[in-house]
Amino acid sequence: MTWETVVGLEVHVQLRTVSKMFCGCSTAFGDPPNTNVCPVCLALPGALPVPNAEAIRLAARAALALGCTVHEQSVFARKNYFYPDLPKGYQISQFDRPLATDGALSFDSEDRGRISVHIQRLHVEEDAGKSHHDRYPGRTAVDLNRAGVPLAEIVSGPDLRSPAEARAYLGVLRQILVYAGASECSMEQGSLRVDANLSVRRPGAPLGTKTEVKNMNSFANVERALEAERERQIALLDGGRPVRQVTLLFDPATGRVQP
């Protein structure tokens, strides 16, 4: 009996602004480390964030291009986690009241013909900084130039049924966002990043336990990572072992996913 693959994607795109989400620092790519920073994006005491109106406008434009309903009111929230490249100890994001919801993206699947993927939500948030693990032996360097860069996160429903469909969806999504002028969607510069949720099940059965593969930076690697994770889950289930809900990273050199 065959297994059915179920995939949902969370796509983070950098909005095409010249300044950050809550301050006036530049979003230019490739500048020297820690030069595009200020008290706001460094989270120094007493600094107050002010939303970037252009970022909101571009996010709304992206949402409309995806057929979403843009809400008159949306609310920013704190997403708390602790990591060296997150100066505040939390990310300013949106949770229960996002900017836009309930859109759709249609494309041609090689296996299923014309399909439509539900866009559950599009919300606005700020990026974290970037950790560099290869610049100093035995140490990690932190560059906060990206801290506070405006992002739109686009969350799909669990409507994709193969790694190939995931790649095709991303290609069409990128075309729409570039054409709308919302983002440059350059994976090489980190302005488009993908987190993928995958589970397997018997056809017609309830959804299985999902795992998340994070921070993939090419469409080809998204497809490869999902293929590897699908095979890993099927091997576990065929061997009578459970799939546990974990977060994974993909190693392009080995073609494997790992915690």
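Being a predicted model, the structure only gives us computed values, none of them experimental. (Residues numbered from 1 in each chain as written. Predicted model: local features only at pLDDT ≥ 70, side-chain atom pairs only at ≥ 80, totals over all residues. Heavy atoms only, no water.)

Caption draft 1: Summary view of the sheet that holds strand 5 (residues 100–109). With respect to topology, nine strands assemble into an open sheet ordered 2-5-6-9-1-10-11-12-13, the strand pairing being mixed. Only two strands of the sheet have a single partner each, and these edge strands are strand 2 (69–70) and strand 13 (256–258). For strand 1 (residues 4–14) and strand 10 (residues 192–201), the ladder comprises ten bridges, and the chain directions are antiparallel. Bridge pairing in strand 10 places Gly8 opposite Asn197. Packing against the sheet, helix 1 (residues 53–65) makes contact with strand 2, strand 5, strand 6 (113–126) and strand 9 (150–156), and its axis sits at approximately 165° to strand 6. Against the sheet, helix 3 (residues 219–238) touches strand 1, strand 10, strand 11 (211–216), strand 12 (247–251) and strand 13, its axis set at about 25° to strand 10. (Pairing = 2+ DSSP bridges. Helix = DSSP H or I, 4+ residues; strand = E, 2+ residues; numbered from the N terminus. Contact = heavy atoms within 4.5 Å. Axes fitted to C-alpha atoms, helices over the stretch in contact; angles between N-to-C directions.)

Caption draft 2: Structural context of the pattern of salt bridges. Counted by the stated rule, this structure contains 14 salt bridges. A salt bridge links Glu4 to Arg161; the shortest N-O distance between them is 3.7 Å. With a gap of 157 residues between them, Glu4 in strand 1 and Arg161 in the loop between strand 9 and helix 2 (163–179) connect regions that are remote in the sequence. In this structure, Lys214 engages Glu212 in a salt bridge whose closest nitrogen and oxygen atoms are separated by 3.8 Å. Look at Lys214 and you get partly exposed, because its relative accessible area is 27%. Via salt bridges that share partners, Glu4, Arg161 and Arg201 belong to a single interconnected network. (Salt bridge = Lys/Arg side-chain N within 4 Å of Asp/Glu carboxyl O. Buried < 20%, exposed > 50% of the residue type's maximum accessible area, 1.4 Å probe, protein only.)

This is a description of form; function is not addressed.
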